[in-house]
Number of protein chains: 2
Amino acid sequence: MAGFRHVVVFRWREGATEEQKQTLEDRLNELPGLISELEAYAIGGDAGINPGNFDFAVVADFADRQAYTVYRDHPAHRTVIDECLKPILAERAAVQYEL
Amino acid sequence: MAGFRHVVVFRWREGATEEQKQTLEDRLNELPGLISELEAYAIGGDAGINPGNFDFAVVADFADRQAYTVYRDHPAHRTVIDECLKPILAERAAVQYEL
């Protein structure tokens, strides 16, 4: 196994609507078609098994850390963050690590 | 793509030692040999690229949510949590989601 992984979980603001969450999910799922450095991308809402969990996760795999930073700073990604994520974001916890 | 993913990130207490972190990592890496439900397991310390990140991530993949709960509640896993994780844990953020 080799590569570089970006993991981030979010907690939504009270009042975040299902439409806002779905729009974010749809827009994030467009990113693999727009950012070739994204080798694997799996996002999803919490399954509701464990109390105290955050609400949503993104796991993204890259060839290396440089490819991750291309994704991080890519205009298509930044636009989704600004337009769809920030309006509903309460908390964020992230880690990037070598695979 | 199908399956069920467990994502969790941790922040360590001030004073957590490198030895404690390495012991945790070693003990977690034994779990795939002990818990057959673990189909993929990739853990690691934060690469230090982004300020404000958490310190450590675990991403674990399972066939389904029932297999995840076997892992969650498995004595080998609970022992590592009690002996190696809790003593150095400051913050935890987790999501489980359908792949």
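Since the model is a prediction, treat every value here as computed from it, not as a measurement.

Undergrad: When you look at the nonpolar core in this model, what are you seeing that I'm missing?
TA: Generally speaking, a soluble globular protein has its nonpolar side chains buried in company with each other. Counting 40 residues, the largest nonpolar core has Val7, Val9 and Ala57 of chain A together with Val7, Val9 and Ala57 of chain B as its most contacted members. Other than its neighbours up to four places away in sequence, Ala57 of chain A contacts Val9, Ile43 and Gly44 of chain A together with Val7, Val95 and Tyr97 of chain B.

Undergrad: Explanation requested: the pairing of strand 3 (residues 56-62) of chain A in the structure shown.
TA: Here is the key point about a regular strand: its side chains alternate between the two faces of the sheet. Residues and elements named next belong to chain A. Most of strand 3 is tucked away: 7 of the 7 residues are buried. Pairing of strand 1 (residues 4-12) with strand 3, which is carried by 7 bridges, proceeds in the antiparallel orientation. Among the inter-strand pairings, Val8 is bridged to a residue of strand 3, identified as Val58. Pairing of strand 2 (residues 40-45) with strand 3, which is carried by 6 bridges, proceeds in the antiparallel orientation. By the bridge assignment for strand 3, Tyr41 is matched with Ala60.

Undergrad: Just checking my understanding: could you explain the relation of the copies chain B and chain A for this structure?
TA: Both copies of the chain are related by a screw-like operation: a rotation about an axis and a shift along it. When chain B is brought onto chain A, the operation consists of a screw motion whose angular component is 180 degrees and whose axial shift is 0.0 Å, with 0.0 Å RMSD remaining. Such values leave the two copies arranged in the relation of a two-fold axis. For chain B, the smallest separation between a C-alpha atom and the rotation axis is recorded for Ala93 of chain B, amounting to 3.4 Å. A shared interface surface links the copies, since 100% of the contact residues of chain B are contact residues in chain A too.

What counts and what doesn't
- Residues numbered from 1 in each chain as written.
- Chains lettered and ligands numbered in written order.
- Predicted model: local features only at pLDDT ≥ 70, side-chain atom pairs only at ≥ 80, totals over all residues.
- Core = buried A, V, L, I, M, F, W, Y, C linked by C-beta atoms within 7 Å.
- Buried ≥ 20, exposed ≤ 12 C-beta atoms within 10 Å, placed from the backbone.
- Contact = placed C-beta atoms within 7 Å.
- Helix = DSSP H or I, 4+ residues; strand = E, 2+ residues; numbered from the N terminus.
- Pairing = 2+ DSSP bridges.
- Least-squares fit on C-alpha atoms with pLDDT ≥ 70 in both.

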